[in-house]
Structures are given as C-alpha cells and as structure tokens.
Amino acid sequence: MSKGDLRKPFYSLTGDKLTNLVEQHLRLVLPNVKETMRLGDLDSQGIDVLHFEEDDGAVVTAIQVKGIEGQFKPEHTKKFIDEIGKFENKAPRVKEYWLVINAAITDSAHRK
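Residues numbered from 1 in each chain as written. Predicted model: local features only at pLDDT ≥ 70, side-chain atom pairs only at ≥ 80, totals over all residues. Heavy atoms only, no water.

Peer 1: When you look at the overall build of the protein in this model, what are you seeing that I'm missing?
Peer 2: Check the secondary structure of the protein and you find 4 helices and 4 strands. Its helices and strands in sequence order give the protein the pattern α-α-β-α-β-β-α-β, from N to C terminus. Against the compact-globule benchmark of 13 Å for 112 residues, the protein has a radius of gyration of 14 Å, which places it among compact chains. Summarising its shape, the C-alpha atoms of the protein cover approximately 40 × 35 × 25 Å along the three principal directions. Across the 112 residues that make up the protein, the buried fraction comes to 29%. At a minimum sequence separation of 6, the contacts of the protein that also span at least 24 residues come to 45%. Approximately 7,600 Å² of the protein is accessible, and the part contributed by carbon and sulfur atoms is 51%. If the 17 positive side-chain charges of the protein are averaged to one point and the 18 negative ones to another, these points end up 6 Å apart. (Helix = DSSP H or I, 4+ residues; strand = E, 2+ residues; numbered from the N terminus. Rg over C-alpha atoms; globule rule 2.2 N^0.38 Å. Buried < 20%, exposed > 50% of the residue type's maximum accessible area, 1.4 Å probe, protein only. Contact = heavy atoms within 4.5 Å. Areas by Shrake-Rupley, 256 points an atom, 1.4 Å probe, with all protein chains shown as cover. Lys, Arg positive; Asp, Glu negative; His and termini not counted. Charge placed at Lys NZ, Arg CZ, Asp CG, Glu CD.)

See below:
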C-alpha cells in the first residue's frame, strides 16, 4: 500500500470522524492508544487521542487532531500555531506532542 493510499481516507474527514480514524490507525502501530472524547478533563485540555504507559497510565504522547475542509492554505498555519499554544498553556506536560491535520502541506515554508 502506498503512502497516498494510506493518507487518502484522512483528507475527506473532519471532527470526530477524523479523530476516530487517527485512533484506529495508531492502534495498529502503538500500544495503549485511546480517544479522549469521553474522558472529560483530557478532552477539554485539547488532547484528542493519547498514547499512555501501561504500568501507571501516564500520558506519553498527546495527539491533537485538526481537520480542515479543502486544501491547506497559508492562513491555516497561524491557526495551528495558536492551537499548539493553547495546548501548551492548559494541558499537562507530556513526553511528546503530535499535531495531526487532514491535509497535505506541499509548501515547505509552511512545515516549519
């Protein structure tokens, strides 16, 4: 399966459907992955999906999922940076933070 085939289903989804798909795919490669939609505090802190330690339940990776409709545009960059800032201010410290978006960013200037 090519990367394009793997990515294609993500491009057309937003909201809970996108978050569900991200969780399903991560479960294939990571242990202990959980969607936070019904976990109250974690969800309100901006964590959509998490990867946690089996032993003590500590969050290892916090994953924020953002869906956009249509193609990525340069103005989306600021919105994503703002979301990262909100997460940094209200979420617990974690070893890793991932931002997953449902669009290809083809211009390298917007990937930094």
